[in-house]
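Residue strings, one per chain:
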Amino acid sequence: MELETREDVAVLRLANGKANAMSETFLARLNRLLDRLHESPARAAVLVGTGNAFSAGLDLPSLIGLSRDAMRAFIGEFEHTMLRVFRLARPVVAAVNGHAIAGGCVLALQADVRIAAAGGARIGLNEAAIGIGLPSTVLETLRCQVAPASLVPIALEGRLFGVEDALRVGLVDEIVEPAALEARAVERARSLAAVGAAAFAQVKAGLRRAALETIERRRADEAEAWLDTWFSADGQRLLREAVARIAAKAP
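Small disclaimer: the values here were computed from a predicted structure and weren't measured. (Residues numbered from 1 in each chain as written. Predicted model: local features only at pLDDT ≥ 70, side-chain atom pairs only at ≥ 80, totals over all residues. Heavy atoms only, no water.)

Draft legend 1. Representation of the packing of helix 1 (residues 24-39) against helix 3 (residues 68-87). Taken N-terminus to C-terminus, the directions of helix 1 and helix 3 make an angle of 30 degrees; their axes are 10 Å apart at the nearest point. Considering the angle they form, helix 1 stands roughly parallel to helix 3. Like other packed secondary-structure pairs, helix 1 and helix 3 cross with a definite hand, here left-handed. Contact with helix 1, carried on its side by Glu 24, Leu 27, Leu 30, Asn 31, Leu 34, Asp 35 and His 38, involves Phe 74, Glu 77, Phe 78, His 80, Thr 81, Met 82, Arg 84 and Val 85 of helix 3 and no other residues of that element. When the residues that make up the contact of helix 1 with helix 3 are grouped by side-chain class, the tally is 7 nonpolar, 4 polar and 4 charged. (Axes fitted to C-alpha atoms, helices over the stretch in contact; angles between N-to-C directions. Helix = DSSP H or I, 4+ residues; strand = E, 2+ residues; numbered from the N terminus. Parallel < 35°, antiparallel > 145°, perpendicular 65-115°, else oblique. Left-handed = near helix turned anticlockwise from the far one by under 90°. Contact = heavy atoms within 4.5 Å. Nonpolar A, V, L, I, M, F, W, Y, C, P; charged D, E, K, R; others polar.)

Written out as structure tokens, the structure reads:
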């Protein structure tokens, strides 16, 4: 992973293997980039993946064997990292260059604006479809970003959407040609930063305050409920089937 500065916009480039899957290493690297962002003079930030994925979600092969205590620690770090992005006072644009599935979609939802590359990418929260739930950090940040009518297909049905349908349900705000994606994301981030920094930060914090208060109030209980789904018989069976599919595709 790396942070590039384009005048007044910092570009945080996600990289972790072929699919930018979210492991402990991924989260540690992203947190280091966020530390660097806090220290930088950049007025806005862009998140972008590498290859054909923004992020394909949690690194299931590295997580499937964890104990409940170890998984609790991992999901706690995942939520902490997502909320660091959600709380950023500066404008954040997600340049969704490819697949943004499950945890990858969650990361994109922490941004203020999501711009997707045209093409065959799949975007969505498919956790329910593979037998696991969604913790309060995911549910409340999702509720901030999409219309109520979109919550059933996105969260309860766990659909994965092509980019045009992702635009329709509100998972992305704009679609551009792949070659123009980063430039457009930087341009959009810069336009958001044209608002006075103090005013932007105050309004953004106000818009997100209710979600953050609900997350803090419900976080511990929802984490345990989420772990119940992860370690349920159906959840483990479906997760192991997903891991087997990943292994079958590996070179």
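Draft legend 2. Seen up close, the sheet that holds strand 5 (residues 92-96). Pairing is mixed in the open sheet, where 6 strands are placed in the order 1-2-3-5-7-9. Each edge of the open sheet carries a strand with a single partner, namely strand 1 (2-6) and strand 9 (174-176). The mean angle between the axes of side-by-side strands here comes to 25 degrees, regardless of whether they run parallel or antiparallel. Bridge count for strand 1 against strand 2 (residues 9-13) is 5 bridges, and the pairing is antiparallel. Along strand 2, the bridge assignment pairs Arg 6 with Val 9. (Pairing = 2+ DSSP bridges.)

Draft legend 3. Structural detail: helix 5 (residues 136-145). By the criterion of burial, helix 5 is predominantly enclosed, with 7 of the 10 residues buried. The set of residues buried in helix 5 consists of Ser 136, Thr 137, Val 138, Glu 140, Thr 141, Leu 142 and Gln 145. In this structure, the buried residues of helix 5 make contact with helix 3, helix 4 (103-109), strand 7 (113-117), helix 6 (151-156) and helix 9 (197-230). (Buried < 20%, exposed > 50% of the residue type's maximum accessible area, 1.4 Å probe, protein only.)

Draft legend 4. How the structure looks around the pattern of salt bridges. For the coordinates displayed, the defined rule picks out 27 salt bridges. Close ionic contact of Arg 184 with Glu 187 constitutes a salt bridge, the shortest N to O distance being 2.7 Å. Of this pair, Arg 184 and Glu 187 both sit in helix 8 (residues 181-193), separated by 3 residues, roughly a single helical turn. (Salt bridge = Lys/Arg side-chain N within 4 Å of Asp/Glu carboxyl O.)

Draft legend 5. Representation of the nonpolar core. Within the largest apolar cluster, 60 residues are counted, with the highest numbers of intra-cluster contacts made by Phe 54, Phe 78, Leu 107, Ile 123, Leu 125, Leu 171 and Trp 230. Ranked by size, the runner-up nonpolar core spans 18 residues in total, among them Val 46, Ala 117, Ala 185 and Leu 192. (Core = buried A, V, L, I, M, F, W, Y, C linked by side-chain atoms within 4.5 Å.)

Draft legend 6. Spotlight on helix 3. An ideal rise of 1.5 Å per residue puts 28 Å on 20 residues; helix 3 measures up with 28 Å between its terminal C-alpha atoms. Among the residues of helix 3, those classed as buried are Met 71, Phe 74, Ile 75, Phe 78, Glu 79, Thr 81, Met 82, Leu 83, Arg 84, Val 85 and Phe 86. (Expected span 1.5 Å × (residues − 1).)

Draft legend 7. Representation of the sheet that holds strand 8 (residues 123-124) in the model. Pairing is parallel in the open sheet, where 3 strands are placed in the order 4-6-8. Here the strands that pair on one side only, and so sit at the sheet edges, are strand 4 (53-55) and strand 8. Bridge count between strand 4 and strand 6 (residues 99-101): 2 bridges; the pairing is parallel. Bridging from a neighbouring strand, Ser 55 pairs with Ala 100 of strand 6.

Draft legend 8. Quick peek at the packing of helix 3 against helix 5. Between helix 3 and helix 5, the least distance of the axes is 10 Å, while the angle of their chain directions is 25 degrees. Put simply, helix 3 runs roughly parallel to helix 5. Handedness of the helix 3/helix 5 crossing: left-handed. Facing helix 3, whose interface residues are Phe 78, Glu 79, Met 82, Leu 83 and Phe 86, helix 5 presents Ser 136, Thr 137, Val 138, Thr 141 and Cys 144. Per-class residue counts for the contact of helix 3 with helix 5 are 6 nonpolar, 3 polar and 1 charged.

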